[in-house]
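Fold and contact review
The chain contents come next:
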Amino acid sequence: MKGLVHSTESFGTVDGPGIRFVVFLQGCPLRCLYCHNPDTWDKHKGTETTAEEILEQYNKNREFYKRGGITVTGGEPLLQLDFVTELFKKAKQQDIHTCLDTSGIVFNKSNAELVTSFDELIKYTDLVMLDIKHIDPQKHKVLTGADNRNVLDFAEYLSDNGIPLWVRHVVVKGYTDNRDDLKRLGRYLAHLKNLKALDVLPYHTMGVSKYGELGIDYPLEGVEALSVQQAVKAKSYIMEGLRDERPRIKK
């Protein structure tokens, strides 16, 4: 089996625990307004690569990954679900920690065949980093082009199956910085039994040049990058909602 790979990064430090070999897969069904990798959207591009070839690259620097592992991201890696499953299965045979960085948008709990494929994937998945881009379904649709039902269903599926979860949330001024929405996100996260970490990331404009190179208008032209301090404040609102909800769950 071959997957379509956009690129790889040998020494990733923000894509899961430890130093990691990061595989960026090609293709994404979302069009997030703040996406900084528009070059990964087209699912027909990329370099055909086997799981064995990826693991061969990993093993060249394996000594550096003792406390890390492999992270597969995108684009949206779950568009190539079977390939990710094969890669993770072969990685676990070599005792490599596996991490999936996804939006969860491909998940569909009403599709029994698809859920069976996910059941196979999570057998070999040590950690999922899930982007919850907005807790409100309509605001999520404005931000990404789709509502968040599949995303939240995927979070709950992972919780039900005990797969460790890191949640990521990007804070964009005027889109995802509303205090009530952030507290609502926290109240939702309080119900996830598998939540291990929460990363609240400030919006940045580092991907703007790619849009120019591709001849695409940048959707958030004029929106300022967010400071780290503002992201920390946003995280405090999420944590406030989480703390408020936990006593209700215990009752």
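To be clear, the structure that these remarks concern was listed above.
Residues numbered from 1 in each chain as written. Predicted model: local features only at pLDDT ≥ 70, side-chain atom pairs only at ≥ 80, totals over all residues. Heavy atoms only, no water.

If a residue is not glycine, its phi is most likely negative; likewise, a peptide bond is most likely trans. Note that the residue after Gly74, namely Gly75, is joined by a cis bond; omega there is 10 degrees. Summarising the element assignment, Gly75 is placed in the loop between strand 4 (69-73) and helix 2 (81-93). With a phi close to 60 degrees, Asp95 is a non-glycine residue in the positive phi region. Relative to the helices and strands, Asp95 resides in the loop between helix 2 and strand 5 (98-102). By relative accessible area, which is 65% here, Asp95 ends up exposed. (Helix = DSSP H or I, 4+ residues; strand = E, 2+ residues; numbered from the N terminus. Buried < 20%, exposed > 50% of the residue type's maximum accessible area, 1.4 Å probe, protein only.)

Here we come to the state of the cysteines. In total, this model carries zero disulfides according to the counting rule given. There is no disulfide at Cys32, and the cysteine sulfur nearest it, in Cys28, is 6.2 Å away. With no disulfide of its own, Cys99 lies 17 Å from the sulfur of Cys28, the closest cysteine sulfur. (Disulfide = S-S within 2.5 Å.)

Right, let's talk about the packing of aromatic side chains for a bit. One pass over the structure, following the stated rule, counts 13 aromatic pairs. Summarising the aromatic geometry, the rings of Trp41 and Tyr211 are spaced 6.2 Å apart at their centres and angled 80 degrees between planes, so their arrangement reads as edge-to-face. Residue Trp41 is located in the loop between strand 2 (20-25) and strand 3 (47-50), and its partner Tyr211 is located in helix 7 (residues 208-214); the two are separated by 170 residues in the primary sequence. For the pair formed by Trp41 and Tyr211, the shared burial category is buried. (Phe/Tyr/Trp six-rings, centres within 6.5 Å; stacked < 30°, edge-to-face > 60°.)

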